[in-house]
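Coordinates in review
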Amino acid sequence: MAKKHILLLHAGGDSKRVPWANPMGKVFLPLPYLAADDPDGPVPLLFDHILAIASCARQAFGNQGGMLTMTGDVLPCFDASLMTLPMDTSCIITVPITLDVAANHGVIVAAETEHSTQNYAVSLVDNLLQKPSVDELVKSKAVLADGRTLLDTGIIAVRGKAWLELVTLACSCQPMISELLKGKQEMSLYEDLVAAWVPAKHEWLRERPLGEELVNKLGKRKMFSYCDYDLLFLHFGTSNEVLEHLSGVGSELVGRRHLCSIPATTASDITASAIILSSKIAPGVSIGEDSLIYDSSISGGIHIGSLCIVVGVNISLDNLLSAENSIKFMLPDRHCLWEVPLIGNRERVLVYCGLHDNPKTSLARDGTFCGKPWKKILHDLGIQESDLWGSSGSDEKYLWNSKLFPILPYAQMIKVAMWLMGLANEKSESMLPLWKHSRRISLEELHRSIDFSTICLDSSNHQADLAAGIAKACISYGMLGRNLSQLCEEILQKEGSGVEICKDFLARCPIVREQNSNILPKSRAYQVEVDLLRACNDEGAACELEHKVWAAVADETASAVRYGFKEHLSESPGSLSCQEFQNNQHNGCIRQPFHPRRAKVELPVRVDFVGGWSDTPPWSIERAGCVLNMAISLEGSPPIGTIIETTKTEGILITDDAENQLFVEDYTSICAPFDGADPFRLVKSALLVTGIIHDNILLDMGMHIKTWANVPRGSGLGTSSILAAAVVKGLLQIIDGDDSTENVARLVLVLEQLMGTGGGWQDQIGGLYPGIKCTSSFPGIPLRLQVVPLLASPQLISELQQRLLVVFTGQVRLAHKVLQKVVIRYLRRDNFLVSSIKRLVELAKIGREALMNCDIDELGEIMLEAWRLHQELDPYCSNESVDKLFSFASLYCCGYKLVGAGGGGFALLLAKDAQRAKELRQRLEDQKHFEVQIYDWQIFL
């Protein structure tokens, strides 16, 4: 299974439906449950959101196969890219925690640490404890030297041979699973699977269903504990903890509206702090502060208080008012409400309780329901204890086992709910008999009776309907901002009709595109149609239309960068035939005496610290960008250059450092578009954008153009664009044109459109302007650039040159493949991509300030975050060799990243100090298996 993609699992999760924002390189996992307070386990309110960032998990596994399970009622935040997981075994992620917290969770008893650093430790697992007391922790030697213990986070990784054994068992266990289902037994993926790798638990496990098989098949492997001291652990065993997280620390990371339909602010009262996910809210609804509404449809006239949780509820008073004119539903502050389908029943049951009710606190110990003591509830409503718990009196009396919730027609069920919560106008004389003689169910019975298949089907259809409504509005009113590809994934979950809905949207697109042509970029409009074609299973038409997407991107970019230039820049003197052109040269003009001219231009390469991708069209022609980069020479000289000489003989001779050679005698052959495989298209494009061809400047002479780039191919150092800048600058010097840096930079932007490479602006800016600079772009016609040089102190320059290693990884990368993936995601309006590039822009500005303050350590942290963001933009911008290089260098470095688009090329390794830079360089030169080359470099000033 080596070099296969990682398999991500979570109990009940669905990675498509994620309202949480990704905090830049961290893994945030939402809970699988919502529950009222219950230290022994949550009431199973299904909440199926999960966020599993595949790029981070891939880094943790070193780009090899394996499984990462994330289970439990916790929300861990950790940096998977820095994890060091042992091979051929399983590993559980732990974090040191205080003993009071450990008393309500699982605890890992680890052997003496085998490998330990300031940030993590790896040890063998000796034992597993469940909700241990302090005495148990001490007896099991689970208390650490600092008085804490190792908390089991529920994150388990399986790699190598252990992964193969698990897969083999999975492929052969269908008969065992059938037997398990037949006997209605339970097996815990979490407890039972982990116990198979811990010998101290084998005796316990053998008594469990499938335990013997698990021990026999998996037991020869042992489990390790990876202790991450920096992991942030948030517990979600209760509904109150959920709301505290959503409204408390880190609330800025939470998306408060996701896949929802809400009315105008003048037609409803919905507070800004309310979180509405996968829900449809009608006009006339009131929702209080910090409430969570999920997977629900709420009709008008309903009031939901503050700090409430509403899940899976479909209350429509409009359908009930004719029969029950007085119905009005109110959910008080700090209450939970959910609606559950039952196995074998067509009915659904409404379930409700107070946010702080503990289902396992007994009547005798002041247990509560809807926030009020049971004794008060019984007294006020006239309910007898025997009505709820029977007459035996032997069992403890909890909310958990009280037969409280009636199964009635919806209108009556709503009225009873209001009565039980103490809000109904009806007196108990009328409501008590209705409640008492109804079929009722307890939370305990509900736990075993939920029809999960119906929940999943109804949820899929509900979210598909919401997505279809949003997509319809998007297409009808402009197609500017929504991710139609993602919406189509939801729509296709609609039972039976998803494809037909997408076909209807597809038919509308041409009309909408025409109506909105003045504001809607064609590239975006075509991408919407491509996504809809794929949703309609028409892959052939989608592939054909993709050509129009890229043509539109090129046209839009050309319009932004060519403004103010002559329209004929891309043309050859094509109105004349080759013979006519040459005849005019000799017969129609007065020949001028030949004066030999020579221009030599040498330019540095650029290394980018942060901000790349924000310079790339179509982002840079629609949104602001910012890049922090630096011009450097390699091995003592600028590595990119050109020599251009005029010749007495007519024609253009082009040569390069790869000994390629082309002689052009017929100048009319130089015209766009160029063949992508033409090795001389860069020079040809330069001849066009400088006007040399069209203006017949070579009337009485020829030209020899020689180019070189003394860097490996696919370096990521901006070689192509910088070489174009060198050639353009040299040609302008030959003809006494405007060879100012600003003019050359703009001409190179035009040149790249003629070439068809479609790159951004940061490469030529990085090579043309010396030193370190922070460059901002401002969208519009024309595209405007502002280059702000960094006035670097001698101290900063010296420290950077001592601590920064410029390393060729040996991996050649093809930037256009990475670029295409990122551009498509932008055209789709992928929210993660947009937020990631915005963050890169912000980091470029922060990085400039850090360098101005000579804070190189902060620059290292910025480089690390930028590298994580690049991997989110495209998980394949790294590879196994690069991951191993960075893992090896991490002990010496405060920051690292690949330059450019990634995928290979050069890497920047920013050491923690000059001494560790020397040590790292020596280690890399000694470790021949890395096959890297370290270059001497200097800031080009």
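Just above sits the structure.
Summarised in this report is the structure supplied together with it. Along every chain, residues carry numbers that run from 1 in the direction the sequence is written. Reporting of local features is limited, given that this is a predicted model, to residues whose pLDDT is at least 70; pairs of side-chain atoms are given and counted only at 80 or more, and all residues count toward the totals for whole chains, interfaces and linings. Hydrogen atoms and water are omitted, and side-chain values are computed over all heavy atoms in the structure.

Topic: the nonpolar core
The nonpolar side chains of soluble globular proteins are, as a tendency, buried together. With 135 residues, the main nonpolar core has Phe609, Met630, Ile652, Leu687, Met703 and Leu800 as its most contacted residues. Residues grouped as a nonpolar core are buried Ala, Val, Leu, Ile, Met, Phe, Trp, Tyr and Cys residues, joined through side-chain atoms within 4.5 Å. To sort residues, take the accessible area from a 1.4 Å probe on protein chains only and compare it with the maximum for the residue type: under 20% means buried, over 50% means exposed, and anything in between is partly exposed. Judged by nonpolar contacts, the second largest core, of 72 residues, contains Ala274, Tyr294, Trp400 and Ala417.

Topic: helix α31 (residues 914-926)
Taking 1.5 Å per residue, 13 residues should reach 18 Å; α31 reaches 19 Å between its end C-alpha atoms and fits that length. Here a strand is any run of E in DSSP of at least two residues, a helix any run of H or I of at least four, and the numbering for each starts at the N terminus. Buried within α31 we find Ala917, Leu920 and Leu924. Across the axial projection of α31, the buried residues extend over an arc of 65°, all falling on one side. Residues are treated as being in contact if the distance between any of their heavy atoms lies within 4.5 Å. Looking at the packing, one finds that the buried side of α31 touches α26 (794-803), β40 (804-808), α30 (880-889), β41 (893-898), β42 (906-911) and β43 (933-935). In this structure Asp913 caps α31, since a side-chain oxygen of it lies 3.2 Å from the backbone nitrogen of Gln915. Helix span, as expected, comes to 1.5 Å for every residue beyond the first. In this description, the arc belongs to the directions extending from the helix axis to the C-beta atoms. Polar contacts, as used here, are pairs of N or O atoms within 3.5 Å; protein pairs need one atom able to donate a hydrogen and one able to accept it. Residues neighboring in sequence count only if both atoms are side-chain atoms.

Concerning unusual backbone geometry
Here the amide bond leading from Pro617 into Pro618 is cis, since omega sits at 5°, within 30 degrees of zero. Although it is not a glycine, Arg334 sits at a positive phi angle of roughly 60°. Relative to the elements of secondary structure, Arg334 occurs in the loop between β24 (330-331) and β25 (335-341). The partly exposed category is assigned to Arg334, whose relative accessible area is 43%. Here the phi dihedral of Glu635 falls at roughly 50°; this positive angle occurs in a residue that is not glycine. Secondary-structure assignment places Glu635 in the loop between β33 (625-634) and β34 (640-647). Using a relative accessible area of 46% as the deciding quantity, one classes Glu635 as partly exposed.

Focus: helix α15 (residues 452-477)
In this model, α15 (26 residues) spans 37 Å end to end at C-alpha, consistent with the 38 Å of a helix rising 1.5 Å per residue. Gly478 sits one or two residues past α15 and shows a positive phi near 140°.

With respect to a nonpolar patch on the surface
Any residue with relative accessible area above 30% and no salt bridge may belong to a patch, with like charges joined within 9 Å and the nonpolar Val, Leu, Ile, Met, Phe, Trp and Tyr side chains within 5 Å. Per-residue accessibility takes into account occlusion by the displayed protein chains alone, with areas from the Shrake-Rupley method and a 1.4 Å probe. Every case where a carboxyl oxygen of Asp or Glu lies within 4 Å of a side-chain nitrogen of Lys or Arg is listed as a salt bridge. A contiguous nonpolar surface patch, about 230 Å² in accessible area, is contributed by Val134, Val138 and Val143. Looking at the element boundaries, Val138 is found in helix α3 (residues 134-139). The exposure class of Val138 is exposed, given its relative accessible area of 55%.

Some remarks on the sheet that holds strand β15 (residues 269-270)
Read from one edge to the other, the open sheet built from four strands follows the order β15-β18-β21-β24, with strand pairing classed as parallel. Since the sheet does not close on itself, it has two edges, and those belong to β15 and β24, each with one partner. For two strands to pair, DSSP has to find at least two bridges joining them.

Observations regarding the sheet that holds strand β20 (residues 297-298)
The three strands are arranged β17-β20-β23 in an open sheet whose pairing can be described as parallel. Edge positions in the open sheet fall to β17 (280-281) and β23 (314-315), since each of these has one partner strand only. Relative to β23, β20 runs parallel, the two being bridged by two bridges. Pairing of Ser297 across the sheet is with Asn314, part of β23.

Topic: the packing of aromatic side chains
Aromatic pairing here means that ring centres of Phe, Tyr or Trp (its six-membered ring) are within 6.5 Å. Orientation follows from the plane angle: under 30 degrees is stacked, over 60 is edge-to-face, and everything else is tilted. One pass over the full model with this rule turns up twelve aromatic pairs. Judged by centre distance (5.5 Å) and plane angle (10°), the ring pair of Phe369 and Trp374 falls under stacked. Across the pair, Trp374 and Phe369 agree in class, each one buried. Ring centres 5.2 Å apart and planes at 45° place the aromatic pair Phe808 and Phe906 in the tilted group. With a gap of 98 residues between them, Phe808 in strand β40 and Phe906 in strand β42 connect regions that are remote in the sequence. Note on accessibility: Phe808 and Phe906 belong to one class, buried.

Structural notes on the environment of Ile343
Residue position: Ile343 is located in the loop between β25 and β26 (348-354). We classify Ile343 as exposed; its relative accessible area is 51%. Apart from the residues within four sequence positions on either side, Ile343 is in contact with Arg448, Ser449, Ile450 and Asp451.

Remarks on the pairing of strand β36 (residues 661-664)
In this sheet, β36 lies alongside strand β35 (residues 651-655) in antiparallel orientation, the contact comprising four bridges. Note on β36: the bridge partner recorded for Leu653 is Phe663. Joining the antiparallel neighbours β35 and β36 is a turn of five residues, in which Glu659 adopts a positive phi near 65°.

Digging into the side chain of Ser523
Its location among the elements puts Ser523 in helix α18 (residues 522-535). The class of Ser523 is buried, set by a relative accessible area of 0%. Those residues in contact with Ser523 that sit more than four places away from it in its chain are Val549, Ala552, Val553, Glu556 and Leu827.

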